[in-house]
Amino acid sequence: MNAQLFSNQSSSVLRGYEDLVECPYNRAHQIMQFRMQTHLTKCRKNYKDLKYVKCPFNETHDIPQKELALHVESCVDRESFDRYKFCVATSAATIVPEVASSVDEALDNKIMGNPSEELWDEGPMVRAYNPHAYAARANVIRKCTGMAPSQKKAFKEAERQRLTELKRRCEVKTEQT
């Protein structure tokens, strides 16, 4: 049986174990890549005395504090961060001609007017929406949460009175019309 497992000597890993990663806290821990985050959470609790810090580009990279500067320069996940931050085009990116952007600007100006003329600070002053004040006036059921039992009792009684008053007002309006 062992001969069958290790028959392919060109590859030193068994099938299904290609993505094993070594734990930075204990080299004896071999973890599947997709389980590394969960494992690191547990190992961080067990090895609190080690001064390890997280890589700013990948949460699963725990590095000794002294080696952080070197790791930040050579981290393989830094490339995707730099591409995002500096908008570095890759060979797969398509080049958009300048004509398309001028056409888009013309359409935007035609539909929305000139966006540089918009002034959001000017205009009618409108009071901010207060949901508690609206609910007190509207025919809605309000819920009391986070109150002491005596406060809940008082709130429920006040709600009964509020809802009967709203019902009475509604009946008066329908009789008048």
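Residues numbered from 1 in each chain as written. Predicted model: local features only at pLDDT ≥ 70, side-chain atom pairs only at ≥ 80, totals over all residues. Heavy atoms only, no water.

The chain appears in an unreviewed UniProt entry as CHHC U11-48K-type domain-containing protein from Aedes aegypti.

This brings us to the packing of aromatic side chains. Overall, the coordinates contain 4 aromatic pairs when judged by the stated rule. Each ring, one from Y129 and one from Y134, has its centre 6.4 Å from the other, and the planes form 45°; the classification is tilted. Accessibility expressed as a relative area gives 63% for Y129, which makes it exposed. The partly exposed category is assigned to Y134, whose relative accessible area is 43%. One aromatic cluster is present, formed by Y25, Y47 and Y52 through successive ring pairs. (Phe/Tyr/Trp six-rings, centres within 6.5 Å; stacked < 30°, edge-to-face > 60°. Buried < 20%, exposed > 50% of the residue type's maximum accessible area, 1.4 Å probe, protein only.)

Further remarks concern the UniProt feature "domain: CHHC U11-48K-type" (unreviewed entry) in the chain. The UniProt feature table records "domain: CHHC U11-48K-type" (unreviewed entry) at residues 20–47 and 52–79. Helix and strand shares over residues 20–47 are 39% and 21% respectively, and the end C-alpha atoms of the span are 21 Å apart. The distance from the first to the last C-alpha atom of residues 52–79 is 23 Å, and the span holds 32% helix and 21% strand. (UniProt positions renumbered as here; feature names shortened; annotations may be inferred. Helix = DSSP H or I, 4+ residues; strand = E, 2+ residues; numbered from the N terminus.)

Here the focus is the pattern of salt bridges. Taken as a whole, this structure holds 9 salt bridges when the rule is applied. Across the pair K54 and E59 runs a salt bridge whose closest N-O atoms are separated by 3.4 Å. On the accessibility criterion, E59 (41% relative accessible area) is partly exposed. Ionic pairing is found between E79 and R83, a salt bridge with its closest N-O pair at 3.0 Å. Of this pair, E79 and R83 both sit in helix α4 (residues 78–86), 4 residues apart, which is roughly one turn of the helix. (Salt bridge = Lys/Arg side-chain N within 4 Å of Asp/Glu carboxyl O.)

A few words on the environment of T60. The topology assignment puts T60 in the loop between β3 (52–54) and β4 (62–64). Spatially, the C-alpha atom of T60 lies 6.6 Å from that of M36, the residues being 24 residues apart in sequence. Dropping the residues within four chain positions of it, T60 is found in contact with Q33, M36, Q37 and L40. Looking at T60, its side chain comes within polar contact range of the side chain of N58, at 2.8 Å. (Contact = heavy atoms within 4.5 Å. Polar contact = N/O pair within 3.5 Å; in protein donor to acceptor, adjacent residues only side chain to side chain.)

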